[in-house]
Amino acid sequence: MDNAAESSRLDKLGNIAKLGVDPWGQRFDGHMPIQQILELPADLPEDQRPSVKAAGRIVSRRIGGKVHWLDLRDWSGHLTTRKTTSDDPKHEATEFNDWSSRIQVMLGQKQIGDTGWAIAHELDLGDLVGIEGKFGKTKRGEPTIFAEKLTFLSKSLEPHPDKWAGMSEMEYRLRHRYLDLTYNPELLDVTLKRIKIVRTIRSYLDARGYCEVETPTLHAIAGGAAARPFKTHHNALDIPLFLRIALELHLKRLLVGGMEKVYEIGRVFRNEGISQKHNPEFTMMELYQAYGNYETMMELTEGMVVAAIDAIGGGYVRSYGERTIDFAPPWKRLSYGELFETWTNCAIGDHEAIETFAKKNGFETVKLDAEVLIHKLFEVFVEPRLEEAPTPVFVYDYPAGLCPLTKRKKDDATIAERFELYVHGMELANAYTELNDPIMQEQTFSQQLAGLPEEDSMAKMDHDFIRAQRHGMPPAGGLGIGIDRLVMLLCDTQTIRDVILFPLLRPQAQG
């Protein structure tokens, strides 16, 4: 902030205090949301205008003689939906009304009194004020609060940026989320929709008998997923600990304990790359249902996402970037093997043909297990095709070697009962028929860790989880959904940073 702007605002702060007014405000009860005020009749004669009381931030200010004009904003604006001319009743469009949480205020010297008029001269963009007056329209037809009382609520000592120039730089917006929320109503809308989505998921699961639980964030063993953990140290116990990379293993312990339907929505931490779809700290929903399987999880996933769409509105046919996705159920279900064969012309069990195809396309094959090679080819030749799919796609029945925590198909031990849900090519959900055989579980853990140094292998082998399973874990279905990616897809947001209020950023250089 430059010295002149700082000095001016500090001087105004002092002037407000000299008037006997608290520049940091007090309790201000009974104010109405601006959106609610805007819905009142505005064309009534002056003597019939309704009395209103509003509070908000000054986002525009104009001075003319003995009248000051303010634009006041609060958080009550929202996306409004309207039916399109489409014959398809499930297809709705949305349009943003930038003025829906913003209202004009007229401050007249005669109407607000000497103290109010003196305060009006000390106002700056970004200040918070309370207004009491009559609601109507100006001669130009602008909905306006004609103020009769001005209450000062808080001073902004920092000048606010120009909306179009100052707030167009993404780096600036990410580092100043409080300003981004103030001047980009679209961000506030996505944030409020995220809250609705999470609330709907909870309600949907609670109504079906699931219990929400909380499991530890600090783990002695970084288990439940193949990811690099963040490391820390507990001073009192003098032991190394890890921030959790998954919620899975503690939730499964609860199945052993007799809790038949459990879920958790919580932060998960992975010390890996940052991209449009990845943040080191993200929100995961995981659930487990005793006596279910991966087909149970398909039905649950579809119903839960559809319920979230119903909660935020906008219809099942939704834009995402330049494409549209039709979320109307039922969703397509395709096996991993048939997709692989369609786009590589190799049967998933024909390892000779797969190796020949891989070499022809420049893949290293010598050091790779067969299943790992298959999945690398799947990522290159199949996943881009899934991005073109106009509907969500459940891809099910994965090669068993890729899924050590998954039960094998009864009639084919080379196939694991797992699905991933792809929407616009993005992996949104992952589910399994859970492996509850402790002998096989210990073997698969050992195979997973075989390539690690012995000290790392011992550190990652969760013997207590195996012990829990040995006491009898029921057959179960398990599901994980990335909440951030779900919000991205349902709110047409292309980067994960726009659905996380405070994404991780590199520290800003001082000075």
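Structure: above.
Right, let's walk through the structure included here.

About the criteria used
Within every chain, residues take consecutive numbers counted from 1 along the sequence as written. Whole-chain, interface and lining totals are the exception, using all residues; otherwise, since this is a predicted model, local features are given only for residues with pLDDT of at least 70 and side-chain atom pairs are given and counted only at 80 or more. With hydrogens and water excluded, all non-hydrogen atoms of the structure serve as input to the side-chain values. Strand pairing requires that DSSP identify at least two bridges connecting the strands. Helix numbering and strand numbering both begin at the N terminus, where a helix is a DSSP run of H or I of at least 4 residues and a strand a DSSP run of E of at least 2. Convention adopted: a line fitted to C-alpha atoms gives each axis, helices being fitted over their contacting stretch, and angles between N-to-C directions are expressed from 0 to 180 degrees. The contact definition used throughout considers only heavy atoms, calling two residues in contact when any of these lie within 4.5 Å. Working definition: rings of Phe, Tyr and Trp (its six-membered ring) pair if their centres are within 6.5 Å, and the pair is stacked with planes under 30 degrees apart, edge-to-face with planes over 60 apart, and tilted otherwise. Remark: exposure states derive from per-residue accessible area (1.4 Å probe, protein chains only) relative to the maximum for the residue type, with buried under 20%, exposed over 50%, and partly exposed in between. Here, a charge over a ring means that NZ of Lys or CZ of Arg falls within 6 Å of the ring centre while also lying within 35 degrees of the ring normal. The rule for a salt bridge is simple: a side-chain nitrogen of Lys or Arg has to be within 4 Å of a carboxyl oxygen of Asp or Glu.

Once that is clear, we can look at the sheet that holds strand β5 (residues 102-108). Pairing in this closed barrel of five strands is mixed, and the strands run β1-β2-β5-β7-β6 around the ring. Strand after strand, the sheet turns through a mean of 55° between neighbouring axes, direction not considered. Inspection of the sheet shows β5 paired to strand β7 (residues 143-154) by three bridges, in the parallel sense. Note that in β7 the partner of V105 across the bridge is I145.

A separate point is the environment of V129. Secondary-structure assignment places V129 in strand β6 (residues 128-137). As a C-alpha pair, V129 and F465 span 336 residues in sequence and 57 Å in three-dimensional space. If sequence neighbours within four positions are ignored, V129 has contacts with A54, A55, G56, I58, L72, L123, L150, T151, F152 and L153.

Inspection of every chain in the model, using the stated rule, returns seven aromatic pairs. Note on Y336 and Y398: the rings are 4.6 Å apart at their centroids and 50° apart in plane angle, and the pair reads as tilted. Of this pair, Y336 sits in helix α9 (residues 336-344) while Y398 sits in strand β17 (residues 393-399); the two residues are 62 residues apart in sequence, bridging distant segments of the chain. Its relative accessible area of 0% is what places Y336 among the buried residues. Under the relative-accessibility criterion, Y398 is labelled buried at 0%. Among the aromatic residues, those joined into a ring-pair cluster are F327, W331, F394 and F419. Stacked on the ring of F28, the Lys or Arg K53 has its end atom at 4.5 Å from the ring centre.

On to the pattern of salt bridges, then. Enumeration according to the criterion identifies 23 salt bridges in this entry. Note that R62 is salt-bridged to D71, the shortest N-O span being 3.7 Å. Note on R62: relative accessible area 32%, which makes it partly exposed. D71 gets classed as buried once you look at its relative accessible area, which sits at 6%. Where D189 meets K193, a salt bridge forms, and the shortest distance between an N and an O atom there is 3.7 Å.

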